[in-house]
Structures are given as C-alpha cells and as structure tokens.
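Tertiary structure, described
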Amino acid sequence: MKKLLSPEGDQVRRAYYEPFTAAAAPAQEQIRLVLDVEEDKAAALDSALFVRQMTEAGHVELDSAKRQFFNADLVAREVAHKGVPAEVAALSSADATLHGVWEMQFNECSAEGTLAALHGRVWREVRGEHSSHCQRRTSSR
C-alpha cells in the first residue's frame with residue numbers, strides 16, 4: 001500500500017484504483033494523511049541542507065523535522081501534478097507565508113546570536129498561525 005501512496009505510484013493508483021473509489025470530499029474538506037518516512041528515505045535526508053543546518057545548530061532529534069519535510073514535499077508534488085489552479089495558488093501563498101516567517105525569525109535569531117532557537121521559534125509561529133487559520137475557517141461557516 002505504501003508504494004501506491006508514494007509519488008512514484010501516483011499514476012498506477014489513479015489509473016487502477018481511484019476510478020472505483022467513492023467520490024472524494026470537496027477539496028476544502030479533504031484531509032491528507034501524514035506518512036512516516038521510510039528508513040532509506042530518512043537516511044537520504046541526512047544529507048539535506050536543512051538537516052545539516054539543524055545538526056550544526058546543535059539539534060539532536062530530527063525525526064519530526066524529516067517527517068514534516070517529507071510530507072510537505074509529497075503534498076507539493078501532488079499539487080503540482082494535479083495542477084488544480086486553486087490548490088497551486090494556495091500552495092504558493094502558503095509557501096510565501098512560511099518563507100516570510102522563516103526569514104523574519106532567521107534575521108531576529110541572527111541578530112540575537114540565537115540561531116539554535118530558529119527551528120523552534122519558526123515551528124511555534126507556524127503552529128500558532130495554523131491554529132488561528134483553522135479557527136477562522138470554522139467560525140466563518
């Protein structure tokens with residue numbers, strides 16, 4: 001099943017399985033599963049720039065960050081592959097927002113000499129923004 005859910009299995013899954021499944025919920029209501037990173041892919045991520053930067057900053061536990069990166073990459077590939085304009089625009093907007101959060105926190109941490117705190121500060125801000133976004137969506141229905 002994991003192979004069918006991988007980006008490489010996307011065409012096979014769409015061609016053979018999705019025509020026979022129940023209609024999906026509207027795009028706003030779909031929930032994407034968070035997948036675990038297979039050991040070989042997790043090991044390959046050890047050479048990724050963000051992992052090397054976090055290691056250099058003194059971070060020891062990186063499994064969660066690797067999972068976040070892996071799943072974000074899967075979603076981005078899926079959105080790009082499907083090419084639905086609203087999803088592509090939403091992904092682009094989210095990417096720009098996250099880059100802005102990272103850049104602002106990086107500059108602050110750099111000025112304060114606290115680069116080791118960068119990931120935690122960015123993650124807390126992203127989680128806070130996500131929570132407030134979800135509350136706004138729920139209350140506007």
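Scroll up for the structure.
Residues numbered from 1 in each chain as written. Predicted model: local features only at pLDDT ≥ 70, side-chain atom pairs only at ≥ 80, totals over all residues. Heavy atoms only, no water.

**Observations regarding the overall build of the protein chain**
Each helix and strand counted, the protein chain has 7 helices and 0 strands in total. Start at the N end of the protein chain and walk to the C end: the helices and strands fall as α-α-α-α-α-α-α. The 141 residues of the protein chain split such that 17% are buried. Relative to all contacts within the protein chain whose residues are 6 or more apart in sequence, the contacts with residues 24 or more apart total 50%. (Helix = DSSP H or I, 4+ residues; strand = E, 2+ residues; numbered from the N terminus. Buried < 20%, exposed > 50% of the residue type's maximum accessible area, 1.4 Å probe, protein only. Contact = heavy atoms within 4.5 Å.)

**Structural notes on the side chain of asparagine 71**
Positionally, asparagine 71 belongs in helix α5 (residues 63-82). Taking the relative accessible area as the measure of exposure, asparagine 71 reaches 11% and is therefore buried. Dropping the residues within four chain positions of it, asparagine 71 is found in contact with Leu33, Val34 and Leu35.

**Description of the packing of helix α4 (residues 49-56) against α5**
Their axes nearest at 11 Å, the elements α4 and α5 cross at an angle of 160 degrees. Considering their axes alone, α4 and α5 lie roughly antiparallel with respect to each other. Regarding α4 and α5, the two cross each other, and that crossing is right-handed. Each of Phe50, Val51 and Met54 in α4 lies in contact with α5, whose residues at this interface are Ala65, Lys66 and Phe69. When its residues are assigned to classes, the contact of α4 with α5 shows 5 nonpolar, no polar and 1 charged. (Axes fitted to C-alpha atoms, helices over the stretch in contact; angles between N-to-C directions. Parallel < 35°, antiparallel > 145°, perpendicular 65-115°, else oblique. Left-handed = near helix turned anticlockwise from the far one by under 90°. Nonpolar A, V, L, I, M, F, W, Y, C, P; charged D, E, K, R; others polar.)

**A short note on the environment of arginine 77**
Among the secondary structure elements, arginine 77 is positioned in helix α5. Of the polar contacts made by the side chain of arginine 77, one reaches the side chain of aspartate 73; its length is 2.9 Å. (Polar contact = N/O pair within 3.5 Å; in protein donor to acceptor, adjacent residues only side chain to side chain.)

**Details of α4**
Those residues of α4 that fall on the buried side of the exposure criterion are Phe50, Val51 and Met54. On an axial view of α4, the arc spanned by its buried residues comes to 100 degrees, and they lie on one face. Away from the buried face of α4 by more than 90 degrees, exposed residues Leu49 and Glu56 are located. Following α4 by one or two positions, glycine 58 has its phi on the positive side, about 100 degrees. (Arc of directions from axis to C-beta.)

**Focus on the packing of aromatic side chains**
Summed over the entire model, instances satisfying the criterion amount to 2 aromatic pairs. With 4.6 Å between their ring centres and 25 degrees between their planes, phenylalanine 50 and phenylalanine 69 make a pair best called stacked. In this pair, phenylalanine 50 is assigned in helix α4 and phenylalanine 69 in helix α5, connecting sequence segments 19 residues apart. Residue phenylalanine 69 is classed as partly exposed on the basis of its relative accessible area of 39%. Taking 5.0 Å as the distance between ring centres and 20 degrees as the angle between the ring planes, the aromatic pair formed by tryptophan 102 and phenylalanine 106 counts as stacked. Of this pair, tryptophan 102 and phenylalanine 106 are both found in helix α6 (residues 85-112), 4 residues apart, which corresponds to roughly one turn of the helix. A residue is classified by how much of its surface remains accessible, and tryptophan 102, at 37% relative accessible area, is partly exposed. (Phe/Tyr/Trp six-rings, centres within 6.5 Å; stacked < 30°, edge-to-face > 60°.)

Interpretation note: all reported values are geometric properties and have no functional meaning in isolation.
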